[in-house]
Amino acid sequence: MKSLLKYLKDYKKETILAPLFKMLEASFELFVPLVMAAIIDAGISNGDKGYILKMGAVLIALAVIGLTCAITAQYYSAKAAVGFATKLRHALFAHIQSLSYTELDTMGTGTLITRMTSDVNQVQSGVNLTLRLLLRSPFIVFGAMVMAFTVDVKAAFIFVVTIPLLSIVVFGIMLVSIPLYKKVQQALDKVLSRTRENLTGARVIRAFSMEEEETQQFTKANNHLLDVQVFVGKISAAMNPLTYVIINGALVVLLWTGAIRVDAGIITQGAVVALVNYMSQILVELIKLANLIIQITKALACAKRIEAVFEVTNSMELCEKTAPVQESNDDAIVFEHVGLTYQGAGDESLSDIDFGIKKGQTLGIIGGTGSGKTSVVNLIPRFYDATKGKVLIHGRDVRDYQLQELRELIGIVPQKAVLFKGTIRENLLWGNENATQEDMERALEASQAKEFVDAKEGRLEYKITQGGKNLSGGQRQRLTIARALVRNPKILILDDSASALDFATDAKLRTAIKNLSEDMTVVIVSQRAASIQHADEIIVLEDGEMAGIGTHDTLLADNEIYQEIFYSQFPKEGAK
């Protein structure tokens, strides 16, 4: 939690004023029993109505002042807590964005969402309650005990015995419940992850009629969360009855002792009422303190989970200064005996990948499912770092580039076409925020998206829903290609990004891309032989290794794996 407190530094005034006004409110509250005792002893006993009215006005004044202080404290504590949570979310989101694919894969999307939302909300609530009640409740408890000593020393010793007993109960339950709240948040992570999987994969689940099975799995995870919450809830719930038993027992002893001392003429009836009021104040404040401790316990557990995210650092060594560009180098992409092992994986996903491609050429990558095609192209923009060998872009190791500079050279269209909620124009500007209308129109035409965009109401102002659900699969793919083309990249990577397009549209797309720029290097990953057969160089992958490299004609003549892929798609060619 200490490392997170720096996000409160801009709210120093609020963090001081909030507890200060709460202490003022508590101070006025401590005088109420004494005023009541004075009304009973001096007003009611003597039948002095004027005195009663005067002291009644004092009670009202204390209430109004206390209410004003309470509202002011609430305002400052809420302002500090909400501002703190806002800054924390910004920092957490920025930190997550700075992590590499390796860390994101390891941590998982579900737990990151929980920590960005539920955990931050719990910490915000904890900060709010801490500023308002952490000092106020102990102040009232010990203040009431001190005031009780001013009323009657012997009776006040009952408070001295009662408060330690209550503290043992409160803090004992707190120590037991702290680790349990961590388990609650972990169970919540699992529920959220399963919910996310089901919502994103709803069509697949229904297509395979797996609704019942998934419902059972969700129910199992949800019931586990319920069981953990109920268990920790039972422990926390034991706090109130235990504190009530101790306080009510103390009240019985206090009334018994007070009655004897009143009968002996040692103290007045008003004094007994004041002592009972102070005991009641202690009861109320200790219950508040108990609930506060529960909330703080939750907040601390959540804070540790958030801190755990901040402690995760980018495993990539980032370059701060980039070496001068070697314009004379004609190589666009070079892999020098590259290997890749994903974190936590036992075996290499890529082994000894070695090839080079010149500027302006087209590289095709083909292979079966799981052969490592996407892994190869993910190394070019440095989504992952090669664990062996080197990846060179324009003659320089990708590790010697600043990430922003490297990725500005590259336009990438991933396997899954991801669009964001907003207009077509806004989605295209993701590729290049300074793109002109002409740039966007040229990109739409090259990506074969112009025809369907022209048919949409408002054209570039047409609203795309979250995930592009109001577009077909082929339309989404063409828009993501247009988004990559808008930035006029030196290297364009198409990672199986035309799978939803028909052969004719795919052919037009490849021709248009080639005509866009003679200097642009294109990398096409595909399982369609037709998509890559005209490439200057084709790499055939199998089980993460290069099974062949060459042109379409040479591979078709000499490479069995390429022959198998090609003739499975063009059986008539094999029959000739």
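Our structure's up above, just so we're on the same page.
Residues numbered from 1 in each chain as written. Predicted model: local features only at pLDDT ≥ 70, side-chain atom pairs only at ≥ 80, totals over all residues. Heavy atoms only, no water.

A. Representation of the pairing of strand β4 (residues 388-393) in the model. Sheet topology note: the strand β1 (residues 331-340)/β4 ladder contains 5 bridges and is antiparallel. The residue of β4 that forms the bridge with G339 is K388. Alignment of β4 against strand β5 (residues 396-397), held across 2 bridges, turns out to be antiparallel. Across the sheet, the residue bridging to L392 is D397, located in β5. A loop of 2 residues connects β4 with β5, the two strands running antiparallel in sequence, and H394 in this loop sits at a positive phi of about 55°. (Pairing = 2+ DSSP bridges. Helix = DSSP H or I, 4+ residues; strand = E, 2+ residues; numbered from the N terminus.)

B. Structural detail: a negative patch on the surface. A cluster of acidic residues, E336, D352, D354, E542, D543, E545, E560 and E564, forms a negative patch at the surface. Elements that contribute at least two residues to the negative patch include exactly β2 (350-358) and α20 (560-569). On the accessibility criterion, D543 (64% relative accessible area) is exposed. (Patch = residues over 30% accessible without salt bridge, like charges linked within 9 Å, V, L, I, M, F, W, Y side chains within 5 Å. Areas by Shrake-Rupley, 256 points an atom, 1.4 Å probe, with all protein chains shown as cover. Salt bridge = Lys/Arg side-chain N within 4 Å of Asp/Glu carboxyl O. Lys, Arg positive; Asp, Glu negative; His and termini not counted. Charge placed at Lys NZ, Arg CZ, Asp CG, Glu CD. Buried < 20%, exposed > 50% of the residue type's maximum accessible area, 1.4 Å probe, protein only.)

C. Molecular detail of a positive patch on the surface. A cluster of basic residues, R196, R203, K416 and K469, forms a positive patch on the protein surface. Overall, the relative accessible area of 56% leaves K469 in the exposed class.

D. Expanded view of the side chain of T162. With respect to the secondary-structure elements, T162 resides in helix α6 (residues 153-200). Within the local environment of T162, its side chain forms a polar contact with the backbone oxygen of I158, the two atoms lying 2.7 Å apart. (Polar contact = N/O pair within 3.5 Å; in protein donor to acceptor, adjacent residues only side chain to side chain.)

E. Representation of the nonpolar core within the structure. F159, I247, L254, Y278, M279 and I282 are the most contacted members of the largest nonpolar core, which totals 52 residues. Of all the secondary structure elements, the ones that give two or more residues to this core are α1 (12-44), α4 (109-133), α5 (136-151), α6, α8 (211-237), α9 (239-263) and α10 (269-311). Setting aside chain neighbours within four positions, we find L254 in contact with A155, I158, F159, L275, V276 and M279. Ranked by size, the runner-up nonpolar core spans 43 residues in total, among them V453, L479, I513 and F566. (Core = buried A, V, L, I, M, F, W, Y, C linked by side-chain atoms within 4.5 Å. Contact = heavy atoms within 4.5 Å.)

F. Region of the structure containing the sheet that holds β4. One open sheet holds the 4 strands; their spatial order is β2-β1-β4-β5, and the pairing between them is antiparallel. In this open sheet, the two strands that pair with only one neighbour each are β2 and β5. Bridging between β1 and β2 involves 6 bridges; their strand directions are antiparallel. Bridge assignment links V334 to a residue of β2, and that residue is G356.

G. The arrangement of empty space enclosed by the protein in detail. The final tally for this structure, using the stated rule, is 1 cavity of 30 Å³ or more. The computed volume of the largest cavity comes to approximately 100 Å³. Elements with a contribution of two residues or more to the lining of the largest cavity: α17 (503-516) and β10 (521-525). Among the residues making up the lining of the largest cavity, the classes are represented as 5 nonpolar, 4 polar and 4 charged. (1 Å grid on protein atoms, 1.4 Å probe; cavity = no way out; pocket = protein on both sides within 12 Å on 5 of 7 lines; lining within 4 Å. Points joined across faces, edges and corners; volume = space filled by probe spheres on them. Nonpolar A, V, L, I, M, F, W, Y, C, P; charged D, E, K, R; others polar.)

H. Spatial organisation of the layout of surface pockets. Space inside the second largest pocket adds up to approximately 450 Å³. Lining the second largest pocket are 25 residues, and of these G126, T130, L134, I296 and L300 sit closest to its centre. Elements that contribute at least two residues to the lining of the second largest pocket include exactly α4, α5, α6 and α10. Of all the elements, α10 adds the most residues to the lining of the second largest pocket, at 7 residues. Residues that form the lining of the second largest pocket fall into these classes: 21 nonpolar, 4 polar and no charged.

I. Broad picture of the packing of aromatic side chains. Taken as a whole, this structure holds 9 aromatic pairs when the rule is applied. A centroid spacing of 5.5 Å and a plane angle of 75° characterise the contact between F566 and Y567, whose relative ring orientation is edge-to-face. F566 gets classed as buried once you look at its relative accessible area, which sits at 5%. By relative accessible area, which is 32% here, Y567 ends up partly exposed. Among the aromatic residues, those joined into a cluster by ring pairs are F21, Y75 and Y76. Above the plane of the ring of Y401 lies R396, whose end atom (NZ or CZ) is 4.0 Å from the centre. (Phe/Tyr/Trp six-rings, centres within 6.5 Å; stacked < 30°, edge-to-face > 60°. Lys NZ or Arg CZ within 6 Å of the ring centre and 35° of its normal.)

J. Highlighting the pattern of salt bridges. Counting across every chain of the model gives 17 salt bridges. Put simply, K22 and E25 hold a salt bridge, and the shortest N to O gap is 3.1 Å. Here K22 and its partner E25 are both found in helix α1, 3 residues apart, which amounts to about one turn of the helix. In this pair, the class of K22 matches that of E25, namely buried. Residue K450 pairs with D454 through a salt bridge whose shortest N-O separation is 3.0 Å. In this pair, K450 and D454 both sit in helix α15 (residues 450-455), 4 residues apart, roughly one turn of the helix. With a relative accessible area of 36%, D454 lands in the partly exposed category. Each of K22, E25, E29 and R136 takes part in one network of salt bridges that share partners.

K. Summary view of the sheet that holds strand β12 (residues 545-550). Strand order in the open sheet formed by 6 strands is β6-β9-β10-β3-β11-β12, and the pairing between neighbours is mixed. The open sheet has two edge strands, β6 (410-413) and β12, and neither has a second partner. Direction aside, the axes of adjacent strands within the sheet are offset by 15° on average. Direction of pairing for strand β3 (residues 362-367) relative to β10: parallel, over a ladder of 4 bridges. Bridging from a neighbouring strand, I365 pairs with V525 of β10. (Axes fitted to C-alpha atoms, helices over the stretch in contact; angles between N-to-C directions.)

L. Main features of the side chain of D152. With respect to the helices, strands and loops of the structure, D152 is situated in the loop between α5 and α6. Owing to a relative accessible area of 8%, D152 belongs among the buried residues under this scheme. A polar side-chain atom of D152 sits 2.9 Å from a polar atom in the side chain of R261. If we skip the residues at most four places from it in the chain, D152 touches R261, I266, I267 and L275.

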